[in-house]
Amino acid sequence: MAFTLWTLFEATLLCLNAVCVLNEERFLAKVGWASWQNVQGFGESPTPKTQMLNLIKSIRTVMKVPLIFFNIVIIILKLVFG
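Residues numbered from 1 in each chain as written. Predicted model: local features only at pLDDT ≥ 70, side-chain atom pairs only at ≥ 80, totals over all residues. Heavy atoms only, no water.

In the nomenclature of an unreviewed UniProt entry, the protein chain is known as Immediate early response 3-interacting protein 1 of Dinoponera quadriceps. Comment text from UniProt for the protein chain, heading Subcellular location (unreviewed entry), reads "Membrane". In its Sequence similarities (unreviewed entry) section, the UniProt entry covering the protein chain states "Belongs to the YOS1 family." (UniProt positions renumbered as here; feature names shortened; annotations may be inferred.)

And the structure:
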């Protein structure tokens, strides 16, 4: 199997799906990555953990609807072309 642009697109789509499916209460809270566990004061620089949590929240917020469309397109293409 060759590494092509198509496989890179599929891998990215699968990773975005995985981030959107993560449940904050069931998974992230168990490993200490819940948003209510990460409170920082005003003026403090954000830690890498805080930046990752913000990235996860942003992906969930922005990519929810486009991911539905992209998943439908991928499913149809896989059904047609194998």
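Colleague: I would appreciate a short explanation of the overall build of the protein chain in the present structure.
Modeller: Along the protein chain, the regular secondary structure elements total three helices and zero strands. Counting every position in the protein chain, which comprises 82 residues, the buried fraction comes to 21%. Within the protein chain, counting contacts between residues at least 6 apart in sequence, those at least 24 apart form 53% of the total. In the form shown here, the protein chain has an accessible surface area of approximately 6,400 Å², with 72% of it arising from carbon and sulfur atoms. (Helix = DSSP H or I, 4+ residues; strand = E, 2+ residues; numbered from the N terminus. Buried < 20%, exposed > 50% of the residue type's maximum accessible area, 1.4 Å probe, protein only. Contact = heavy atoms within 4.5 Å. Areas by Shrake-Rupley, 256 points an atom, 1.4 Å probe, with all protein chains shown as cover.)

Colleague: Just to check I follow, could you spell out the side chain of Arg60 for this structure?
Modeller: Looking at the secondary structure, you find Arg60 in helix α3 (residues 48-81). With near-sequence residues (within four places) excluded, Arg60 lies in contact with Val19, Cys20, Leu22, Asn23, Glu24 and Leu28.

Colleague: Looking at this structure, I do not really get the environment of Leu55. What am I missing?
Modeller: When you line up the elements, Leu55 lands in helix α3. Distance from Leu55 to Val19, taken between C-alpha atoms, is 9.6 Å for residues 36 residues apart in sequence.

Colleague: How should the UniProt feature "transmembrane region" (unreviewed entry) in the protein chain be read in this particular structure?
Modeller: UniProt's feature table lists "transmembrane region" (unreviewed entry) at residues 61-81, given in the numbering used throughout. A distance of 32 Å separates the end C-alpha atoms of residues 61-81, which is 100% helix and 0% strand.

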